[in-house]
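Single-letter residue listing:
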Amino acid sequence: MTDSVTVPITEPAKLMRPHAEQEYALELEALAAQDSRPRPPSWNLSPWAVVTYLLGGTLDDRTVISPKYVGPRRLMEVAVATLATDRALLLLGVPGTAKTWVSEHLSAAISGASTLLVQGTSGTPEEAIRYGWNYARLLSEGPTAGALVPSPVMTAMETGKIARVEELTRIPADVQDALITILSEKTLPVPELGIEVQAAKGFNLIATANDRDRGVNDLSSALRRRFNTVVLPLPASEEDEVAIVARRVEQLGAALELPTTPAAAEEIRRVVTVFRELRSGTTTDGRTKLKSPSGTLSTAEAISVVTNGLALSAHFGDGVLRASDVAAGILGSVIKDPVADKVVWNEYLEAVVRERGEWSDFYRACREVTG
């Protein structure tokens, strides 16, 4: 139905942010070569291999598969098993729990393409989910197959691939409901042409939603029934979160070609500790109750704080990540409400940070930027 378009291919090494299927192409090839387990129709890998790709492991030929997600294995098994059925997958969680990251890697491993994506916003039109028209051709030709512009979801249906919808609950409710027929009947009617697109085997859909957006555009009960929901939690332990932040910071630093710096483990752990304590409302030892700020203080924000600190250290410091390099980033993450959050932050500095002798450099740096 659609005309093919040749798109220039850029080497992943030259891209600022390669797609998962580009960055991890060698791992995906190694898994496919050694994967002898049954594969659902149109899948590039078996469900077992998809989970191995996500969680990491060592293959029989000693190829090391890097972990993309750190968390309960069962959650990933449920997610992958869902995509092997006729039910769509909804990844739900607070901001920064790797919903988009998991969605991208699932699509890359299953379909070899993670780019059939609809980004949900309050202005997302129904055409983004169904199809649109090339209006110049529509005016000259009328409604024809050549004038039709398929959505990523329609393309996924035609080719038997995974489609992705990000921030589903930010999309207006009447637009969301355009998915009901697609997910229940696996068809997309095109009444202007008197045809319908039937989904090829392998088609499915992954949606993500932020559970802090509940009440914005809640899913109708009819649409919610079409999804299996997997709730992605925040990292269970400090060690897990430190490992996630360290690995992603290293990857981002390499992609951005930041000058190399000595190991930043101490400052990464400190950033993670601050975020976890303020998020949970108590210190690590459980002795001091704390007020929590209005922001989420997610793992993704911790990654951003440390990456920004590395850039400061490399370009304006001595090349060693120090407390002064991360202090401003932490302040920006914590203080979203300039009045209430500033009170929370000042209380934390005085009641917790100041009392930790080994954190004296961090206390001074934070006081300097807080004012």
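Presented here is an overview of the structure given in this document. Quick caveat: nothing in here was measured; it's all calculated off a predicted structure.

1. A short note on the overall build of the protein chain
Moving on, step 1. A count of helices and strands for the protein chain gives 16 helices and eleven strands.
Moving on, step 2. For the protein chain, the spread of C-alpha atoms along the three principal axes comes to 75 × 50 × 40 Å.
Moving on, step 3. For the protein chain, long-range pairs separated by at least 24 residues make up 72% of all intrachain contacts whose partners lie at least 6 apart in sequence.
Moving on, step 4. When the accessible area of the protein chain is evaluated, it comes to approximately 17,800 Å², of which 54% is carbon and sulfur surface.

2. Some points on the pattern of salt bridges
Moving on, step 1. Under the defined criterion, the tally for this structure stands at 20 salt bridges.
Moving on, step 2. R164 is the salt-bridge partner of E166, the closest N and O atoms lying 3.5 Å from each other.
Moving on, step 3. A salt bridge links R356 to E277, with the shortest nitrogen-to-oxygen separation between them at 2.6 Å. With R356 in the loop between α15 (340-353) and α16 (360-370) and E277 in helix α12 (residues 265-280), this pair connects stretches of sequence that are 79 residues apart. You'll find R356 and E277 in the same group, each marked buried.
Moving on, step 4. Because the salt bridges share partners, they merge into one network encompassing R73, R74 and E77.

3. Describing the packing of aromatic side chains
Moving on, step 1. Following the criterion strictly, the structure yields four aromatic pairs and no others.
Moving on, step 2. Between Y24 and Y53 the ring centres are 6.3 Å apart and the planes differ by 80°, which places this aromatic pair in the edge-to-face class. One end of the pair, Y24, is in the loop between α1 (20-23) and α2 (25-34); the other, Y53, is in helix α3 (residues 47-55), and 29 residues separate them in sequence.
Moving on, step 3. The exposure class of Y24 is buried, given its relative accessible area of 7%.
Moving on, step 4. Overall, the relative accessible area of 0% leaves Y53 in the buried class.
Moving on, step 5. For the ring pair W345 and Y348, a centre distance of 5.9 Å and an interplane angle of 25° mean the geometry is stacked. Pair noted here: W345 and Y348 are both in helix α15, with a separation of three residues, about one helical turn. Grouping residues by exposure puts W345 and Y348 together as buried.
Moving on, step 6. Here the basic side chain of R37 rests over the ring of W48, its NZ or CZ set 3.9 Å away from the ring centre.

4. Some points on the pairing of strand β9 (residues 195-198)
Moving on, step 1. Note that strand β8 (residues 187-190) and β9 share four bridges and pair antiparallel. Paired with L188 across the bridge in β9 is V197.
Moving on, step 2. The antiparallel hairpin formed by β8 and β9 contains four residues in its connecting segment, where G194 sits at a positive phi of about 70°.

5. Examining α3
One turn of the α-helix equals 3.6 residues, which is why residues spaced by three or four share an orientation.
Moving on, step 1. By the criterion of burial, α3 is predominantly enclosed, with seven of the nine residues buried.
Moving on, step 2. Within the span of α3, buried status applies to A49, V50, V51, T52, Y53, L54 and L55.
Moving on, step 3. Contact partners of the buried residues in α3: α1, α2, β1 (57-58), β2 (64-65), α4 (73-83) and α5 (99-111).
Moving on, step 4. G56 lies just past α3 and shows a positive phi near 90°.

6. Re the sheet that holds strand β10 (residues 204-210)
Moving on, step 1. The five strands lie next to each other as β4-β7-β10-β3-β11, forming an open sheet whose pairing is parallel. In this open sheet, the two strands that pair with only one neighbour each are β4 (117-119) and β11 (227-231). Neighbour to neighbour, the strand axes of the sheet diverge by 20° on average, direction disregarded.
Moving on, step 2. Taken together, the three bridges between β4 and strand β7 (residues 162-166) define a ladder with parallel strand orientation. Its bridge partner lying in β7, V118 is registered against V165.
Moving on, step 3. Sheet strands touched by α4: β3 (88-93), β7, β10 and β11. Its angle to β11, the strand with the most contacts, is close to 165°.
Moving on, step 4. Across the face of the sheet, helix α7 (residues 152-159) comes into contact with β4, β7 and β10 while running at roughly 160° to β7.

7. What to know about the environment of A136
Moving on, step 1. Structurally, A136 is set in helix α6 (residues 135-141).
Moving on, step 2. Between the C-alpha atom of A136 and that of A147, which follows or precedes it by eleven residues, the distance is 8.2 Å.

8. Brief notes about unusual backbone geometry
Moving on, step 1. Despite not being glycine, A98 shows a phi value in the positive range, around 70°.
Moving on, step 2. Tracing the backbone through its elements, the reader meets A98 in the loop between β3 and α5.
Moving on, step 3. By relative accessible area, which is 27% here, A98 ends up partly exposed.
Moving on, step 4. Even without being glycine, E167 reaches a positive phi, approximately 55°.

9. Focus on the nonpolar core
Moving on, step 1. Counting 37 residues, the largest nonpolar core has V274, I330, W345, Y348 and F362 as its most contacted members.
Moving on, step 2. Counting only elements with at least two residues in this core, the list comes to α11 (238-255), α12, α13 (299-316), α14 (323-334), α15 and α16.
Moving on, step 3. Beyond its immediate stretch of four places on either side in the chain, Y348 contacts T273, V274, E277, L278, L290, V353, R356 and W359.
Moving on, step 4. Grouped together as the second largest cluster of nonpolar side chains are 34 residues, M157, I182, L188 and A209 included.

Rules used in this analysis
Residues numbered from 1 in each chain as written. Predicted model: local features only at pLDDT ≥ 70, side-chain atom pairs only at ≥ 80, totals over all residues. Heavy atoms only, no water. Helix = DSSP H or I, 4+ residues; strand = E, 2+ residues; numbered from the N terminus. Contact = heavy atoms within 4.5 Å. Areas by Shrake-Rupley, 256 points an atom, 1.4 Å probe, with all protein chains shown as cover. Salt bridge = Lys/Arg side-chain N within 4 Å of Asp/Glu carboxyl O. Buried < 20%, exposed > 50% of the residue type's maximum accessible area, 1.4 Å probe, protein only. Phe/Tyr/Trp six-rings, centres within 6.5 Å; stacked < 30°, edge-to-face > 60°. Lys NZ or Arg CZ within 6 Å of the ring centre and 35° of its normal. Pairing = 2+ DSSP bridges. Axes fitted to C-alpha atoms, helices over the stretch in contact; angles between N-to-C directions. Core = buried A, V, L, I, M, F, W, Y, C linked by side-chain atoms within 4.5 Å.

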